[in-house]
Amino acid sequence: MSCIPLWIHASGMTEFIRKNKLAAAGLAMAGRLTFTAVFAPLLAPYDPSDQRLPERLEGPSWKHPFGNDELGRDILSRILLGTRVSMRVGATVVVLSGIAGVFIGGFAGYVGGKLDKFVTVVVINSLLAFPGILFAIALVAFLGTGLDRLIFALASIGWVGYARLARGQVLKVKSLEFVESARALGASSGRIFINHILPNIIQPVLIQASVGMAVAILSDASLSFLGLGIAPPTPSWGSMLNDARNHLFDAPHMVIFPSIALVMTVLSFNFLGDALRDWLDPRNLG
């Protein structure tokens, strides 16, 4: 086969993580984010929607480590609950985009001919030529705000990158000897595509997915910052940054802590993507 099976790579995963500091950092941060997203309601010291107007704009203290916002809400609690929202958006967008992109692009590359030209030239290239964030803004503005609508808008533009990647990988794999052998033995086209081609293109898709997670979370924050993301009072890092614009100088903690959370999240998945790329490289098996 053209690609090394994942279980062979897995045998050296611990040693690779031990040697690669960025891989260890990305994996640790992604694990903490996942843990925080799952147990956010239990970890939050206060109700993120509880308003304490006498304590509005208070800076960090022992009682409120990250301070309070303009309505007296605890910023730490809102960041923790915002982690759950961001991780849910990122994971759902990646899964939907990955599945749709791999099957559309992969099938078009496998069939070839007019179908491949239509999908590649008309659909994929046309969508790639249009700024993705503007397309997402247009969809959200048309459909309205809300978590499900936001996920749909981001997945509607996210699948294109996976489709382009899958098509290129399928074009490379489908002409290899083991595919020709399966075809000569009488295997159907569907069986060849599912059992022989898809397992051999999954590695680059996993790398794309880890980086796509960071892109989806950043896009979610961007749309929420513009008021087109998660509707209040649900905490969202983007909406928190939007609320902090008017208090940049008198309450800078409202900007600093959500920004740090967003930056560290994006960095963790970028580190994880780089680590996956290096780990799944067949040249590293020696």
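Thresholds applied
- Residues numbered from 1 in each chain as written.
- Predicted model: local features only at pLDDT ≥ 70, side-chain atom pairs only at ≥ 80, totals over all residues.
- Heavy atoms only, no water.
- Helix = DSSP H or I, 4+ residues; strand = E, 2+ residues; numbered from the N terminus.
- Contact = heavy atoms within 4.5 Å.
- Areas by Shrake-Rupley, 256 points an atom, 1.4 Å probe, with all protein chains shown as cover.
- Lys, Arg positive; Asp, Glu negative; His and termini not counted.
- Charge placed at Lys NZ, Arg CZ, Asp CG, Glu CD.
- Buried < 20%, exposed > 50% of the residue type's maximum accessible area, 1.4 Å probe, protein only.
- Phe/Tyr/Trp six-rings, centres within 6.5 Å; stacked < 30°, edge-to-face > 60°.
- Core = buried A, V, L, I, M, F, W, Y, C linked by side-chain atoms within 4.5 Å.
- pLDDT = per-residue confidence, 0-100.
- Expected span 1.5 Å × (residues − 1).
- Axes fitted to C-alpha atoms, helices over the stretch in contact; angles between N-to-C directions.
- Left-handed = near helix turned anticlockwise from the far one by under 90°.
- Nonpolar A, V, L, I, M, F, W, Y, C, P; charged D, E, K, R; others polar.

### Things to note about the overall build of the protein chain
Then, in step 1: Helix and strand counts for the protein chain come out as twelve helices and zero strands.
Then, in step 2: Order of helices (α) and strands (β) in the protein chain, N terminus to C terminus: α-α-α-α-α-α-α-α-α-α-α-α.
Then, in step 3: Across its three principal directions, the C-alpha atoms of the protein chain cover 75 × 45 × 30 Å.
Then, in step 4: Residue pairs at least 24 apart in sequence account for 72% of intrachain contacts in the protein chain once pairs closer than 6 positions are excluded.
Then, in step 5: Of the roughly 14600 Å² of accessible surface on the protein chain, a fraction of 67% belongs to carbon and sulfur atoms.
Then, in step 6: One finds the centroid of the 23 positive side-chain charges in the protein chain at a distance of 10 Å from the centroid of its 18 negative side-chain charges.

### Comments concerning the environment of V123
Then, in step 1: Along the chain, V123 turns up in helix α5 (residues 113-129).
Then, in step 2: Exposure remark for V123: the relative accessible area of 22% places this residue in the partly exposed category.
Then, in step 3: Distance from V123 to V160, taken between C-alpha atoms, is 8.6 Å for residues 37 residues apart in sequence.
Then, in step 4: Not counting residues up to four positions away in its chain, the partners in contact with V123 are F118 and W159.

### Brief notes about the packing of aromatic side chains
Then, in step 1: Using the criterion set out here, one finds five aromatic pairs in the structure.
Then, in step 2: Considering the side-chain rings of F35 and F39, the 4.8 Å spacing of their centres and the 45 degrees angle between planes classify their relative orientation as tilted. With F35 and F39 both in helix α3 (residues 21-43), this residue pair falls four residues apart, about one helical turn.
Then, in step 3: We classify F35 as partly exposed; its relative accessible area is 45%.
Then, in step 4: An aromatic cluster is present here, built from F103, F107, Y110 and F193 joined pairwise through their rings.

### Side note on the nonpolar core
Then, in step 1: Counting 40 residues, the largest nonpolar core has I197, I201 and F269 as its most contacted members.
Then, in step 2: Of the residues forming this core, the biggest block, seven residues, is contributed by helix α12 (residues 253-279).
Then, in step 3: Core analysis: the second largest hydrophobic core is formed by 14 residues, V89, V93, A153 and A216 among them.

### Quick word on the confidence of the model for the protein chain
Then, in step 1: Confidence along the protein chain averages 84 in pLDDT terms, with 92% of residues attaining 70 or more.
Then, in step 2: Element-level mean pLDDT values for the protein chain span from 47 in helix α1 (residues 6-10) up to 91 in helix α4 (residues 75-111).

### Things to note about α5
Then, in step 1: For α5, built from 17 residues, the straight-helix expectation of 24 Å at 1.5 Å per residue is met to within 8% by its first-to-last C-alpha distance of 23 Å.
Then, in step 2: Among the residues of α5, those classed as buried are D116, V119, T120 and I124.
Then, in step 3: Buried residues belonging to α5 abut α4 and α7 (147-173).

### Some details on the environment of M254
Then, in step 1: As for its placement among the helices and strands, M254 is situated in helix α12.
Then, in step 2: The exposure class of M254 is buried, given its relative accessible area of 3%.
Then, in step 3: For the pair M254 and A214, spaced 40 residues apart in the sequence, the C-alpha separation amounts to 22 Å.
Then, in step 4: In contact with M254, other than residues within four places in its own chain, are L57, N68, D69, E70, I75, M240, D243, A244 and H247.

### Some details on the packing of helix α8 (residues 177-184) against helix α9 (residues 189-197)
Then, in step 1: Axis separation between α8 and α9 bottoms out at 11 Å; the angle between their running directions is 145 degrees. Our pair here, α8 against α9, has a crossing hand that is right-handed. Contact residues: α8 offers F178, V179, A182 and R183, while α9 offers I192, H196 and I197.
Then, in step 2: For the contact of α8 with α9, the class distribution of residues is five nonpolar, one polar and one charged.

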